[in-house]
Amino acid sequence: MLGPNAGYLFSYPLAAATAGWAVRAMQRITTRFRAGLVAATIASAPIFLLGAGWLSHLLHTSAAATWTMAVAPFLPGEVVKITAAAGIFSSLQRWRQS
């Protein structure tokens, strides 16, 4: 539990709480899809920060090396996952209200 993935694993509960808070705060002022997009984007920040931070600490790498190795390669996939999650969230919310 303290290997290279530990920062990412320990950040997931914080990311889930952040997403829940953000979507509740935004749901009244924008569409469900946009609220889901913003909430998922905000929730990704702790995952990348804690995960890459721990990896940098563990491997003794610079910020630039950590960015290149642990963050940048995953950003395109993150965009796809965030968009899919927002679509699923808005669909489920619409289905739940009907």
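Quantities reported herein were computed from a predicted structural model and do not represent experimental measurements. (Residues numbered from 1 in each chain as written. Predicted model: local features only at pLDDT ≥ 70, side-chain atom pairs only at ≥ 80, totals over all residues. Heavy atoms only, no water.)

**Points about the packing of helix 2 (residues 32-59) against helix 4 (residues 75-97)**
Then, number 1: Axis separation between helix 2 and helix 4 bottoms out at 8 Å; the angle between their running directions is 135°. For the element pair helix 2 / helix 4, the angle class is oblique. Where helix 2 crosses over helix 4, the handedness of that crossing is right-handed. Within the contact between the two elements, helix 2 uses Arg-32, Phe-33, Gly-36, Leu-37, Ala-40, Thr-41, Ser-44 and Phe-48 and helix 4 uses Leu-75, Glu-78, Ile-82, Thr-83, Ala-86, Gly-87, Phe-89, Ser-90, Gln-93, Arg-94 and Gln-97.
Then, number 2: Across the contact of helix 2 with helix 4, the residue classes tally to 8 nonpolar, 8 polar and 3 charged. (Axes fitted to C-alpha atoms, helices over the stretch in contact; angles between N-to-C directions. Helix = DSSP H or I, 4+ residues; strand = E, 2+ residues; numbered from the N terminus. Parallel < 35°, antiparallel > 145°, perpendicular 65-115°, else oblique. Left-handed = near helix turned anticlockwise from the far one by under 90°. Contact = heavy atoms within 4.5 Å. Nonpolar A, V, L, I, M, F, W, Y, C, P; charged D, E, K, R; others polar.)

**A few points about the nonpolar core**
Among soluble globular proteins, nonpolar side chains are generally buried collectively.
Then, number 1: Of all hydrophobic cores here, the largest spans 9 residues; its members are Tyr-8, Ala-15, Ala-43, Ile-47, Phe-48, Ala-52, Leu-55, Ala-70 and Val-71.
Then, number 2: Mapped onto this core, the elements with two or more residues apiece are helix 1 (6-26), helix 2 and helix 3 (63-71).
Then, number 3: With 5 residues, the single largest contributor to this core is helix 2.
Then, number 4: Non-local contacts of Ile-47, meaning those with residues more than four positions away in its chain, are made with Tyr-8, Ser-11, Tyr-12, Ala-15 and Ala-52. (Core = buried A, V, L, I, M, F, W, Y, C linked by side-chain atoms within 4.5 Å. Buried < 20%, exposed > 50% of the residue type's maximum accessible area, 1.4 Å probe, protein only.)

**Here's the deal with the pattern of salt bridges**
Then, number 1: Overall, the coordinates contain 1 salt bridge when judged by the stated rule.
Then, number 2: Put simply, Glu-78 and Lys-81 hold a salt bridge, and the shortest N to O gap is 3.4 Å. In this pair, Glu-78 and Lys-81 both sit in helix 4, 3 residues apart, roughly one turn of the helix. (Salt bridge = Lys/Arg side-chain N within 4 Å of Asp/Glu carboxyl O.)

**Concerning the confidence of the model for the protein chain**
Then, number 1: Overall, the predicted model of the protein chain reaches an average pLDDT of 93, with 100% of residues at or above 70.
Then, number 2: Taking the mean pLDDT of every element in the protein chain, the minimum, 93, falls on helix 4 and the maximum, 95, on helix 3. (pLDDT = per-residue confidence, 0-100.)

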